[in-house]
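# Working through the structure, step by step
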Amino acid sequence: MRDYLLTLCVTAAVTYLLTGPVRKFAIATGAMPEIRARDVHREPTPRLGGIAMFFGLCAGLLVAAHLQNLGSVFELSNEPRALLSGAALIWLIGVLDDKFELDALIKLGAQMISAGVMVAQGLTILWLPIPGIGTVALTPGQGTLLTVALVVLTINAVNFVDGLDGLAAGMVCIAAAAFFLYAYRLWYGYTIEAAAPATLFAAILMGMCLGFLPHNMHPARIFMGDSGSMLIGLILAASAISITGQVDPDILRLFEGSTREATHAALPVFIPLLLPLTIIAIPMADLVLAIVRRTWKGQSPFAADRGHLHHRLLEIGHSHSRAVLIMYFWSALIAFGTLAYSVHSTSMWIVLGVVALSAIGLVLLLLPRFRPRAPRWAESVVPPRYRRRKPAPAPEAAPGPAAAEEDERIPVPAGVNGATAIGNRARFTDRRKAGTPS
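Residues numbered from 1 in each chain as written. Predicted model: local features only at pLDDT ≥ 70, side-chain atom pairs only at ≥ 80, totals over all residues. Heavy atoms only, no water.

### Overview of the confidence of the model for the chain
Of all residues in the chain, 68% attain a pLDDT of 70 or more, and the chain-wide mean is 76. Ranking the helices and strands of the chain by mean pLDDT puts helix H2 (residues 50-65) first, with 95, and helix H10 (residues 259-265) last, with 47. Here residues 254-270 is modelled with pLDDT under 50, and outside its nearest four sequence neighbours on either side it reaches 31 contacts, counting other chains as well. Low pLDDT, under 50, characterises residues 403-438; the predicted model gives this stretch 42 contacts beyond four residues in sequence or across chains. (pLDDT = per-residue confidence, 0-100. Helix = DSSP H or I, 4+ residues; strand = E, 2+ residues; numbered from the N terminus. Contact = heavy atoms within 4.5 Å.)

### Some words on the packing of aromatic side chains
One pass over the full model with this rule turns up seven aromatic pairs. Centre to centre, the rings of Phe 55 and Trp 91 are 6.3 Å apart; their planes meet at 80°, and the pair counts as edge-to-face. Taken together, the positions of Phe 55 in helix H2 and Trp 91 in helix H4 (residues 79-100) put the pair 36 residues apart, joining distant regions of the chain. Taking relative accessible area as the criterion, Phe 55 reaches 41% and is therefore assigned partly exposed. (Phe/Tyr/Trp six-rings, centres within 6.5 Å; stacked < 30°, edge-to-face > 60°. Buried < 20%, exposed > 50% of the residue type's maximum accessible area, 1.4 Å probe, protein only.)

### Comments concerning the nonpolar core
Core analysis: the largest hydrophobic core is formed by 90 residues, its most contacted members being Tyr 4, Leu 57, Leu 200 and Leu 231. Of all the elements, helix H7 (residues 167-189) adds the most residues to this core, at 17 residues. The contacts of Leu 231, once residues within four sequence positions are left out, are Gly 50, Met 53, Phe 54, Leu 57, Ala 87, Ile 90, Trp 91, Met 208 and Asp 226. The next biggest cluster of nonpolar side chains, apart from the first, holds five residues, and it includes Ala 157, Phe 160, Met 284 and Leu 287. (Core = buried A, V, L, I, M, F, W, Y, C linked by side-chain atoms within 4.5 Å.)

### Overview of unusual backbone geometry
Of note, the amide linkage connecting His 218 to Pro 219 takes the cis form, showing an omega dihedral of -5°. For Pro 219, the location among the structural elements is in the loop between helix H8 (196-216) and helix H9 (225-245). The phi torsion at Leu 48 lies on the positive side, around 65°, for a residue other than glycine. Mapped onto the secondary structure, Leu 48 falls in the loop between helix H1 (2-29) and H2.

### Quick notes on a nonpolar patch on the surface
Nonpolar side chains collect at one region of the surface, where Met 348, Trp 349, Val 351, Leu 352 and Val 355 lie side by side and expose about 570 Å² of accessible area between them. Positionally, Leu 352 belongs in helix H15 (residues 348-365). (Patch = residues over 30% accessible without salt bridge, like charges linked within 9 Å, V, L, I, M, F, W, Y side chains within 5 Å. Areas by Shrake-Rupley, 256 points an atom, 1.4 Å probe, with all protein chains shown as cover. Salt bridge = Lys/Arg side-chain N within 4 Å of Asp/Glu carboxyl O.)

### Digging into the pattern of salt bridges
Across all of its chains, the model carries three salt bridges by this definition. Between Glu 101 and Arg 47 there is a salt bridge whose closest N-O contact spans 3.3 Å. In this pair, Glu 101 sits in the loop between H4 and helix H5 (104-120) while Arg 47 sits in the loop between H1 and H2, placing the two residues 54 residues apart along the sequence. The exposure class assigned to Arg 47 is buried, which follows from its relative accessible area of 10%. One salt bridge in this structure joins Lys 107 and Asp 97, with 3.6 Å as the shortest N-O distance. Placement of Lys 107 in helix H5 and of Asp 97 in helix H4 is noted, with a sequence separation of 10 residues between them.

### Side note on H5
End to end, H5 covers 24 Å across 17 residues, agreeing with the expected 24 Å (1.5 Å per residue, within 8%). Every buried residue of H5 is accounted for by Lys 107, Ala 110, Gln 111, Ser 114, Ala 115, Met 118 and Val 119. A distance of 3.0 Å separates the backbone nitrogen of Leu 105 from a side-chain oxygen at the start of H5, and that oxygen is part of Asp 103. Immediately beyond the C-terminal end of H5, within one or two residues, lies Gly 122, with a positive phi of roughly 105°. (Expected span 1.5 Å × (residues − 1). Polar contact = N/O pair within 3.5 Å; in protein donor to acceptor, adjacent residues only side chain to side chain.)

Have a look at this one:
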C-alpha cells in the first residue's frame, strides 16, 4: 500500500505542478476556443490540460517501475507498456483536437486504433465470468471486439460528462478509488498477481485527477479538453479490461463443487464483470440518453447540445457547484455501493443504506422544485433563497442620453478567467448570451 500511495502522490504532484505552465502554453498557442452556445462558462478558458495529466501518467509509471514491490508488474506483464502506447496515441489526437477541432469520425477512428494497439500488446479480454454458467473463454476475434467496444464506450462516456468545472475529473477519481479498493483486495487479499496492473492503473488515475482538480474546480482556470477526457477514459477502460479479462475467475473459487456452482457462489467476490459498468453508470447513462435524444430529433449522435444531465441540473435550479456535488454523490453511491455488496452480499444493512442514501439523493436532486419559504420570523437565520421576495421598487425615470451612451459602450476584452496572463477583467460585462449574434 505504501508503494501505491507513493505512486499516487508523485502522479498528483507532477500533474499539479505542470498544469500552471501548460495553461500559459495553451494561452500562448491560442488553444482557447470561443464560447459556444452549449457552454456553461462565460469567459474564454484555455484547454490542453491533458498535457499535464499525460506527463503525470508517465511519471507515475516511471516511479512504479523503480519500486521494489511494483517493479514485478513491469517484468511479469506487458500491460503497463500497452497502456502507455494506447494512451500516447489517444492523447496526441486529443491535443490536436483541442487546438484544431478535429472531426468526430476522426476521433472515433483514433479511439478504435488506440484500443487495437493495446489489444496487440496483450491488454485484452480473454474470458468472462457469467453467473450460472461459469467461465466462458473468448476467441481472439470476440475478445478484440469486446475490448474495443468497452474502450470506445468508456472514452465517450467520460467525454460526454465533461461539461462542468471539475465534473469529469471528480467522477473519474471516485470511480478509480472504488476500483482501486476492489483490485487491491483481489491482489493483496487473494494473492492474485494478475490484479496488480489494474491496481496500479487505478492508483495512477486517482493521482492524475487529484492533481488536476485544484485547477479545474469552479471557476476553472483551465479545462482538460479532449486530450484529458479521452486519456482518463482510456485508462479507466484499461483498468476494467485488465481485471475483467485477465484474472481467471476459477482462481477465486471459494466453494467445492462444479465450476458452475463455484462461479455462482463466488459471484459477489469477483464482480469484475459488473463493477466496471457500475462505476461509469452515470456517464454511460448520459451517453445513451444523448444518442437516443439526438437520433430522435434526426441529428447526428455526435452533434453537441445542452441536454446532458449536468445541463438539466442547472435548468432545474441548482447552482454550478451543487450540480457537480450531486453528480459526485450519485457516482460514489453507485460505485461504493456495488463495492460494499461485493464484500458482504448477505448483509441487509448495505441494501438499506443504499436505499436510504438514494432517498436523500432524490430529495437533494428535486430541492429547487420544492423550495420551502421560511416564516417571516425566521428569515434572518435562513439563506436568502428561502426568504420571501420583497416587492420590486418603483421604476425610475428613463435615463438620459449620456447614460444610454454609457450602457452601449463596447466592453474591453476580458482576461482569461481574470488571470494575469493577458490582462484584467473587463470593466463592463457583456450581458448577451453566448452564441447570440452581435
